[in-house]
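# Report on the structure
Read off the chains here:
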Amino acid sequence: MNFLEHIFRHLSKTPHRPVVREIIDGQFVTVTCGELLAQINAARTFIRLSKLQSGDRVGLLAPNSIRWAAMDLALMAEGVVVVPLYARQDPKELVGMLRDCGAGLVVCADESLRKGIADHWPKDSGAFPPPLKLFDDIFAHTPDSALDDTPNARKDEDLVTIIYTSGTSGEPKGVMLNTTNLNHMVPCTGARLDQLMEGATDNVADQVFHYLPFCFAGSWILLLTALSRRSLLSLSMDLNKLADELKLAAPNYCLNVPTLLERIRTGVENQIATKPGVIQSIYQNGKAAWLRRQEGQGGAFDTLQFKLADWLIFSNVKKKIGVQLKALICGSAPLNKETQLFFQMLGIKALQVYGLTETTAICTMDDPRAYVPGRVGPAIPGIEMQLGEGDEIIIRGPHIFAGYWNKPEATSAALRDSWFHTGDQGAVDAQGNWAITGRLKNLLILKSGHNVAPEPLEEKLAFHLPAAQQCVVFGNDRGFLTALITGEVSATQADTAVAQLNADLPHYKQVRAYHLSKEPLTIESGLLTANGKLKRDAIAKHFVAEIETMYSNTKA
């Protein structure tokens, strides 16, 4: 039984069980397994009437919703290749992806998204845009009575989806994932969640909160995994209300990006700083005592200080974040070790996952029963990970993608002798726990010949500057390093943070100058990728004058 057959069988067994719900204005809009299957069948009916064939590509352009999940499952059930698109991305970029994959249809959540594609389709291309259909029209179809809640048969090598990479330094590439990839990955993630939920009653659903767009590989894998097990998935529909919706959903776990977790930590510590001195002292003493205990150095007095802080502060903070919360699962980028320890101190596991779209989203996952803060866990079962030249992480296994759509040269460059070359630099300890230390193509090569990975410096600088939105380090082919700092940060704050950063660093890793920009980098400005990663080349070009000023005004 493949991953999709398992999902459909699992849904059909419990038709009256709530499975997915949207949070709208503080209220839940819920569908049962049976109701979700009915929506899937309505969409499958539309697909059949549209004469789409197995292997045809269809763009799915919508924010997260119950309908997104139903449409995705319907397309896969009919053997159509899903091309998920980010609703906030520049329409010109979306059109480029749709033209690249040769989409025969685009499904849009609403008229504004449909219009964005129609208006930006090049009029002089000699090709008309594919049909652009709205959710309202698709789900209005009466399900075909011949449908029996069973997906069409598929082969192991059949494509399931083409997910376009974020394109941090070049045009996006379409990552092709097939049935084999999903057959391996979905059970692997389910097994880790079984470990996390160990001891839970079998007939009680996992409570899962979700806000990251389904068009990203890791987010999509969580969706498929939730639908494969007894879960109730709560979808946040308004990121401005994330904290309130998280509390309302009362989840056991949720998938996150580091930025959110670091903002929660900063917010808590900023609130503590406004409290009376005695509360601040209890918090700081309790935190220091807990850290000493983690290092095996704590004594009886440390135990007493921690218990006092836990009773008065830590346990109350945890209740405000989520009373049933077992874990915050973090991916997309390494999580600051101090932030991971902060949540562990509160009694919430902050677990890390590492992977790329090309690895079906996941390569390593923290074991919730024993994990090492600052590392991203061991390799998932059934795959191999090694360090190649320049400490590059190379991987092989059944989860490795089939190649880049229409890009044989890029595929050959990434897949060599069955090993996928990630471009990420890493390290592994004696227990097999991995750490991500940088990105090869981001490596800064100073005129002195020193090689510097910017990511650890950016992470540490951001840690010392909670108000900063982004920190970007420059220095390739220069004599020293400089930094761009965005957000509401004062020069005094920046001076202090840079001094703290530089204190324990060798001279060639020290940041010698910085530029402050109150305006944060955004997806809309073209300076961040669709999943929030830095577009370094675009940032350097955008701030070229400011960068030159930093170097001309600072002595080497």
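To be clear, the structure that these remarks concern was listed above.
Right, let's walk through the structure included here. (Residues numbered from 1 in each chain as written. Predicted model: local features only at pLDDT ≥ 70, side-chain atom pairs only at ≥ 80, totals over all residues. Heavy atoms only, no water.)

## Overview of the sheet that holds strand β24 (residues 481-487)
On the basis of which strands lie adjacent, the open sheet formed by three strands has the order β23-β24-β25 and mixed pairing. Only two strands of the sheet have a single partner each, and these edge strands are β23 (468-474) and β25 (511-517). Strand-to-strand, the axes of this sheet are offset by a mean angle of 20°, without reference to chain direction. Bridging between β24 and β25 involves six bridges; their strand directions are parallel. Among the inter-strand pairings, Leu481 is bridged to a residue of β25, identified as Val511. (Pairing = 2+ DSSP bridges. Helix = DSSP H or I, 4+ residues; strand = E, 2+ residues; numbered from the N terminus. Axes fitted to C-alpha atoms, helices over the stretch in contact; angles between N-to-C directions.)

## What to know about the pattern of salt bridges
Summed over all chains, the structure comprises 22 salt bridges. Across the pair Glu524 and Arg88 runs a salt bridge, and its minimum N-O distance is 3.0 Å. Here the residue Glu524 occupies a position in the loop between β25 and α17 (536-542), and Arg88 occupies one in the loop between β4 (81-85) and α4 (91-101), the gap between them amounting to 436 residues. Given a relative accessible area of 53%, Glu524 falls into the exposed group. Given a relative accessible area of 43%, Arg88 falls into the partly exposed group. A salt bridge links Lys287 to Glu269; its shortest N-O distance comes to 2.9 Å. (Salt bridge = Lys/Arg side-chain N within 4 Å of Asp/Glu carboxyl O. Buried < 20%, exposed > 50% of the residue type's maximum accessible area, 1.4 Å probe, protein only.)

## Quick notes on the packing of helix α10 (residues 258-273) against helix α13 (residues 337-346)
Put simply, α10 and α13 touch, their axes get as near as 10 Å, and they point 65° apart. Relative to α13, the element α10 is oriented roughly perpendicular. Between α10 and α13 lies a crossing of left-handed hand. Contacts between α10 and α13 involve Leu261, Glu262, Ile264, Arg265, Val268 and Glu269 from the first element and Glu338, Thr339, Phe342 and Phe343 from the second. Broken down by class, the residue content of the contact of α10 with α13 amounts to five nonpolar, one polar and four charged. (Parallel < 35°, antiparallel > 145°, perpendicular 65-115°, else oblique. Left-handed = near helix turned anticlockwise from the far one by under 90°. Contact = heavy atoms within 4.5 Å. Nonpolar A, V, L, I, M, F, W, Y, C, P; charged D, E, K, R; others polar.)

## Quick look at helix α15 (residues 454-464)
All of the buried residues in α15 are Pro454, Leu457, Glu458 and Leu461. Down the axis of α15, the smallest arc covering the buried residues is 100°, so these residues share one side. Buried residues belonging to α15 abut β21 (444-445), β22 (451-452), β23, β24, α16 (491-502) and α17. (Arc of directions from axis to C-beta.)

## Some remarks on the side chain of Asn41
Tracing the chain through its elements places Asn41 in helix α2 (residues 33-49). A distance of 2.9 Å separates a polar atom in the side chain of Asn41 from a polar atom in the side chain of Asp149. Contacts of Asn41, omitting those with residues within four sequence positions, involve Pro143, Leu147 and Asp149. (Polar contact = N/O pair within 3.5 Å; in protein donor to acceptor, adjacent residues only side chain to side chain.)

## As for the sheet that holds strand β10 (residues 231-236)
Strand order in the open sheet formed by eight strands is β2-β1-β10-β9-β11-β12-β13-β14, and the pairing between neighbours is mixed. Single-partner strands in this sheet number two, and they are β2 (27-32) and β14 (364-365). With two bridges joining them, strand β13 (residues 349-354) and β14 adopt antiparallel strand pairing. Bridged to Val353 within β14 is Met365. In the packing of helix α9 (residues 242-249) onto the sheet, the strands contacted are β1 (18-24), β2, β9 (206-210), β10 and β11 (253-256), and the crossing angle to β9 comes to about 170°.

## Things to note about the pairing of strand β12 (residues 327-330)
Residues Ala327 and Ile329 of β12 are buried on one face, and the alternating residues Leu328 and Cys330, pointing to the opposite face, are buried as well. In terms of strand pairing, β11 meets β12 through four bridges, oriented parallel. Looking across to β12, one finds that Leu255 is bridged to Ile329. Pairing of β12 with β13, which is carried by four bridges, proceeds in the parallel orientation. Paired with Cys330 across the bridge in β13 is Gln352.

## Topic: the packing of aromatic side chains
One pass over the structure, following the stated rule, counts 10 aromatic pairs. Through pairs of rings, three or more aromatic residues link up here, namely Tyr283, Phe306 and Phe314. Lying across the ring of Tyr551, Arg478 places its NZ or CZ 4.2 Å from the centre. In this structure, Arg512 is placed above the aromatic ring of Phe480, and the distance from its NZ or CZ to the ring centre is 5.6 Å. (Phe/Tyr/Trp six-rings, centres within 6.5 Å; stacked < 30°, edge-to-face > 60°. Lys NZ or Arg CZ within 6 Å of the ring centre and 35° of its normal.)

## Some points on the environment of Met345
Assignment of secondary structure puts Met345 in helix α13. A relative accessible area of 3% means that Met345 is categorised as buried. Taking the C-alpha atoms as reference points, Met345 and Gln305, separated by 40 residues in sequence, lie 13 Å from one another. When sequence neighbours within four positions are dropped, the list of residues in contact with Met345 reads Tyr283, Lys287, Trp290, Phe306 and Phe314.

## Remarks on the packing of α10 against helix α11 (residues 277-294)
The relative placement of two packed helices comes down to the angle between their axes together with the axis-to-axis distance. Interhelical geometry of α10 versus α11 gives an angle of 135° and a closest axis separation of 9 Å. As summarised for this structure, α10 and α11 are arranged oblique, according to the angle between their axes. Each of Glu269, Ile272 and Ala273 in α10 lies in contact with α11, whose residues at this interface are Gln280, Tyr283 and Lys287. Within the contact of α10 with α11, the residues separate by chemical class into three nonpolar, one polar and two charged.

These figures come from the coordinates and say nothing about function on their own.
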